[in-house]
Amino acid sequence: MAGNLCKGYFFSLFDYKTEKYIVAKNKRVGVLYRLIQLCLLGYLIGWVFVSKKGYQETDEAIQSSVITKLKGVSVTNTTESGLLVWGPEDYGIPPQGEAVLFVVTNFLETPNQKLGYCPESPKVLDGHCLEDEDCEEGKLVAVGHGVMSGRCLRKDENSTGSCEIFAWCPIERKFKPQGPLLANAENFTIYMKNFIQFPKFKFSKSNVLETTDESYLKKCRYNEELNPYCPIFRLGDITSRAGHNFQDMATFGGSIGIMIQWDCDLDKGYSSCHPQYHFTRLDITNKTITVGFNFRHARYYKDAAGETYRSLFKVYGVRFNIMVHGKAGKFSIIPTAINVGSGLALMGAGAFLCDMVLLYLMKKGTSYRERKFEGPRNMKSTSNENSVEDKKDAEEQDDLTS
Ligand SMILES: *[C@@H]1O[C@H](CO)[C@@H](O)[C@H](O)[C@H]1NC(C)=O
């Protein structure tokens with residue numbers, strides 16, 4: 001008996017079982033099924049394949065390097081500094097052409113500072129005093145400029161004074177920018193060279209248009225419509241594309257982000273892979289106290305006697321931050337197969353949904369249910385022997401019906 005059973009299972013291993021379909025002559029469910037199929041087909045072709053390029057393998061690990069070069073010249077005339085000519089080596093900080101660069105648009109120079117004794121700036125609260133005892137000798141002025149000498153310097157009996165300090169003297173004066181000193185900085189240009197690679201596809205390119213016209217780079221200026229592949233940008237154009245007026249930003253300084261976006265469809269060939277540029281202002285908030293960007297730097301000199309002195313510059317300007325993003329796609333059989341497969345599986349889900357509607361929501365659902373879920377013919381028989389024979393019976397009947 002047990003042997004028979006084993007044999008039965010063993011041979012049934014090689015039976016091919018096909019699914020059984022019930023044709024439901026129900027127009028509503030039929031239309032619903034076709035609609036679902038149509039939607040899924042539309043999704044698969046329109047969204048997955050055409051819009052999202054589901055047939056492509058992508059590489060988002062873009063490798064890139066950016067080199068910048070500033071051009072332009074400006075002249076300033078101030079009481080402290082006199083007449084000054086500003087070239088890229090003066091207003092571009094740092095000068096080596098990095099992806100983050102700062103362009104000076106406004107400045108305050110404190111020339112001829114020497115180490116010596118002078119009063120602390122009245123802006124520094126810690127340096128205020130009424131008598132010499134307030135200025136303890138050797139004490140460092142917190143967030144100040146130097147070390148106290150022990151003397152309190154007061155104009156008269158009624159005013160608060162400032163401690164005398166040992167520091168780079170004279171101390172920088174108070175400065176409230178009125179307008180940009182390098183007014184024509186908006187006409188300066190940045191030449192951005194960007195080299196990129198997609199290592200997965202061994203693809204490399206640069207944003208400089210490949211042309212045989214040697215004077216192209218001398219003449220061209222980036223313009224979204226007329227000249228989208230020119231890598232030379234006027235600073236005024238950059239800020240206006242970011243939605244801000246350059247002159248407004250130039251007084252107190254600011255920060256601009258330049259996004260270089262590479263979106264390459266390598267199936268379309270080398271020449272159709274071009275960067276797109278986007279510009280945004282990075283330092284905007286609702287609170288005016290955070291507006292602006294400035295820092296200080298000093299230039300050191302020695303006079304004929306060998307004594308060191310320095311020029312302190314407080315510079316305001318616009319910082320440009322160049323960021324590169326990108327991805328590339330190329331046809332590959334594996335993502336294609338995966339997307340086709342998942343599409344077909346979704347079709348199956350559509351059939352399942354229609355089944356549910358047909359079997360449980362329609363009026364005639366019960367009769368369909370009876371036909372779909374067939375139990376064993378003889379529910380009363382429980383012995384193993386009978387069930388094997390039942391199977392045989394069922395097989396014969398199926399042969400008849402099909
Ligand atoms: C920038 O250059 C243009 C054309 O050369 C000139 O008309 C304009 O006055 C310049 N802007 C500034 C602020 O100097």
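Residues numbered from 1 in each chain as written. Predicted model: local features only at pLDDT ≥ 70, side-chain atom pairs only at ≥ 80, totals over all residues. Heavy atoms only, no water.

Its UniProt record gives the chain a comment under Function (unreviewed entry), which states: "Receptor for ATP that acts as a ligand-gated ion channel." What the UniProt record of the chain gives under Catalytic activity (unreviewed entry) is the line "Ca(2+)(in) = Ca(2+)(out)". (UniProt positions renumbered as here; feature names shortened; annotations may be inferred.)

(A) Molecular detail of the state of the cysteines. In this structure the tally under the stated criterion is five disulfides. In this model C220 forms its disulfide with C230; the gap between the sulfur atoms is 1.9 Å. Looking along the S-S bond of the C220-C230 disulfide, the torsion reads about 75°, which is the right-handed sense. Remark: C230 occurs in the loop between helix 4 (216–219) and strand 12 (232–234) and C220 occurs in the loop between helix 4 and strand 12; sequence separation between them is 10 residues. You can call C220 buried: its relative accessible area is 4%. Two residues share a disulfide in this structure: C264 and C273, whose sulfurs sit 1.8 Å from each other. An S-S torsion of about 50° defines the bridge between C264 and C273 as right-handed. Both residues of the pair, C264 and C273, belong to the buried class. Cysteine pairing in the chain follows 1-6, 2-4, 3-5, 7-8, 9-10, where each cysteine in a disulfide is numbered by its order in the sequence. Not engaged in a disulfide, the cysteine C39 finds its nearest cysteine sulfur in C354; these two sulfurs lie 11 Å apart. (Disulfide = S-S within 2.5 Å. Helix = DSSP H or I, 4+ residues; strand = E, 2+ residues; numbered from the N terminus. Buried < 20%, exposed > 50% of the residue type's maximum accessible area, 1.4 Å probe, protein only.)

(B) Expanded view of the pattern of salt bridges. Scanning the model with the defined rule gives 11 salt bridges in all. Salt-bridge contacts for K53 lead to D265; the nearest nitrogen and oxygen are separated by 3.9 Å. Taken as a pair, K53 in the loop between helix 2 (27–51) and strand 1 (56–59) and D265 in strand 13 (residues 254–265) lie far apart in primary sequence, 212 residues in all. A relative accessible area of 11% means that D265 is categorised as buried. It is possible to trace a salt-bridge network through shared partners that takes in E186, R234 and D237. (Salt bridge = Lys/Arg side-chain N within 4 Å of Asp/Glu carboxyl O.)

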